[in-house]
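Spelled out, the chains give:
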Amino acid sequence: MRTIEENIHDFQSRLSGTNCRLIAVSKTHPVELIREAYDGGQRAFGENKAQEMMQKQPQLPADVEWHMIGHLQTNKVKYIAPFVSLIQSVDSLRLLQEIDKQGQKHSRVIDCLLQFYIAEEETKFGLDLEEARKMLRSPEYSQLKNVRICGVMGVATNTNDEQHLQREFYRLRTYFEALREEFFPGAPHFKEISMGMSSDYQLAIAEGSTMIRVGSAIFGNRDYSLAK
Ligand SMILES: *Cc1c(COP(=O)(O)O)cnc(C)c1O
């Protein structure tokens, strides 16, 4: 079996020369394994639960970049607001307002991505393009000073059908381009398309992903029975 460090090195070399970064998805894994990835040079980690992220953060070096990639309830934003690097899963104005409030409290601007619904599965969270436009046009949004929207995120359908996946990734990229043109023209920070996981990251990169979120291909399979 390959070690976590070797897996990290494989991804780093695969991504070198591309416009795409690796977010190592460490959810359910203990800090010892995150430390192995860190020692392999990885700095950006993705978690999907606020409390889990909050518990791990002080146990790891301060230059770790923490990315929230799971559905975030407004009452949990406070746990991660002091240190989170990027909240990738913003799916409502209400959540964005709470992130802004917590950002203000900690005197920082919190970077966010808008999560879009691109998959067929009913359970997936996210906005559609019209909802996002409505939010970005709203007077409430224009008042927010402590959040910065840096791009889009999406989770594709869990399928082996490559054409289908390609269509979903392509759709997310067109959402990104439409929003950039309408709301963020000439804004260099609006540049992220977070898409692609262990099983489909190659297709996502081909469709323009700037961040792949990879868990099991680095850390092995997750054991949810250990999760609290
Ligand atoms: C768990 C998770 C991933 C990583 O999934 P793998 O298949 O283990 O690579 C990526 N994105 C999101 C939103 C996740 O919840």
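No experiment lies behind these values; they were computed from the predicted model shown.

**Q** Is there a simple way to explain a negative patch on the surface in this structure?
**A** On the surface, Glu-5, Glu-6, Glu-32, Glu-36 and Asp-39 cluster together into a negatively charged patch. For the negative patch, the elements supplying multiple residues, two or more each, are helix H1 (4–15) and helix H2 (31–39). In terms of residue count, the dominant contributor to the negative patch is H2 (three residues). Examined against the element boundaries, Glu-6 turns out to sit in helix H1.

**Q** Would you mind showing me how to read the UniProt feature "modified residue: N6-(pyridoxal phosphate)lysine" (unreviewed entry) in the protein chain here?
**A** When the UniProt feature table is mapped onto this chain numbering, "modified residue: N6-(pyridoxal phosphate)lysine" (unreviewed entry) sits at Lys-27. The residues touching Lys-27, leaving out its near neighbours within four places in the chain, are Gly-46, Glu-47, Asn-48, Glu-52, Lys-56, Arg-222 and Tyr-224.

**Q** Quick question: what am I supposed to make of the pattern of salt bridges here?
**A** Should their charged atoms come close, side chains of opposite charge can pair. Evaluation of the coordinates by the stated rule reveals 13 salt bridges. Salt-bridge contacts for Glu-47 lead to Lys-56; the nearest nitrogen and oxygen are separated by 2.8 Å. A salt bridge links Arg-173 to Glu-177; the nearest nitrogen and oxygen atoms lie 3.6 Å apart. In this pair, Arg-173 and Glu-177 both sit in helix H8 (residues 162–183), four residues apart, roughly one turn of the helix. A relative accessible area of 24% places Arg-173 in the partly exposed class. Where salt bridges share partners, they join Glu-130, Arg-133, Arg-137 and Glu-182 into one cluster.

**Q** I keep staring at the nonpolar core and nothing clicks. Help me out?
**A** Generally speaking, a soluble globular protein has its nonpolar side chains buried in company with each other. Counting residues in hydrophobic clusters, the biggest one holds 63 residues, and the most contacted among them are Ile-80, Ile-87, Leu-96, Ile-99, Leu-114, Phe-116 and Ile-218. With six residues, the top contributor of residues to this core is H8. Core analysis: the second largest hydrophobic core is formed by ten residues, Val-25, Ala-44, Leu-86 and Val-155 among them.

**Q** Would you take a moment to explain the side chain of Gln-88 for this structure?
**A** You can see Gln-88 is positioned in strand S4 (residues 86–90). Of note is the side chain of Gln-88, whose polar atom sits 2.7 Å from the side chain of Ser-194. Beyond its immediate chain neighbours, meaning those up to four positions away, Gln-88 contacts Ile-23, His-67, Met-68, Ile-69, Leu-113, Leu-114, Gln-115, Met-153, Ser-194, Met-211 and Arg-213.

**Q** What is the right way to read the packing of aromatic side chains from this model?
**A** Scanning the model with the defined rule gives five aromatic pairs in all. Ring geometry for Phe-116 and Tyr-175: centres 5.2 Å apart, planes at 50°, overall tilted. A residue pair is termed long-range when its members are at least 10 positions apart, and Phe-116 in strand S5 (residues 110–116) and Tyr-175 in helix H8 qualify at 59 residues. Judged by relative accessible area, which is 1%, Phe-116 ranks as buried. Judged by centre distance (4.1 Å) and plane angle (5°), the rings of Phe-184 and Phe-190 are stacked. Here Phe-184 matches Phe-190 in class, with each residue buried. Taken together, the ring pairs connect Phe-176, Phe-184 and Phe-190 into an aromatic cluster. Over the aromatic face of Tyr-38 sits the side chain of Arg-43, whose NZ or CZ is 3.5 Å from the ring centroid.

The rules behind these values
- Residues numbered from 1 in each chain as written.
- Predicted model: local features only at pLDDT ≥ 70, side-chain atom pairs only at ≥ 80, totals over all residues.
- Heavy atoms only, no water.
- Patch = residues over 30% accessible without salt bridge, like charges linked within 9 Å, V, L, I, M, F, W, Y side chains within 5 Å.
- Areas by Shrake-Rupley, 256 points an atom, 1.4 Å probe, with all protein chains shown as cover.
- Salt bridge = Lys/Arg side-chain N within 4 Å of Asp/Glu carboxyl O.
- Lys, Arg positive; Asp, Glu negative; His and termini not counted.
- Charge placed at Lys NZ, Arg CZ, Asp CG, Glu CD.
- Helix = DSSP H or I, 4+ residues; strand = E, 2+ residues; numbered from the N terminus.
- UniProt positions renumbered as here; feature names shortened; annotations may be inferred.
- Contact = heavy atoms within 4.5 Å.
- Buried < 20%, exposed > 50% of the residue type's maximum accessible area, 1.4 Å probe, protein only.
- Core = buried A, V, L, I, M, F, W, Y, C linked by side-chain atoms within 4.5 Å.
- Polar contact = N/O pair within 3.5 Å; in protein donor to acceptor, adjacent residues only side chain to side chain.
- Phe/Tyr/Trp six-rings, centres within 6.5 Å; stacked < 30°, edge-to-face > 60°.
- Lys NZ or Arg CZ within 6 Å of the ring centre and 35° of its normal.

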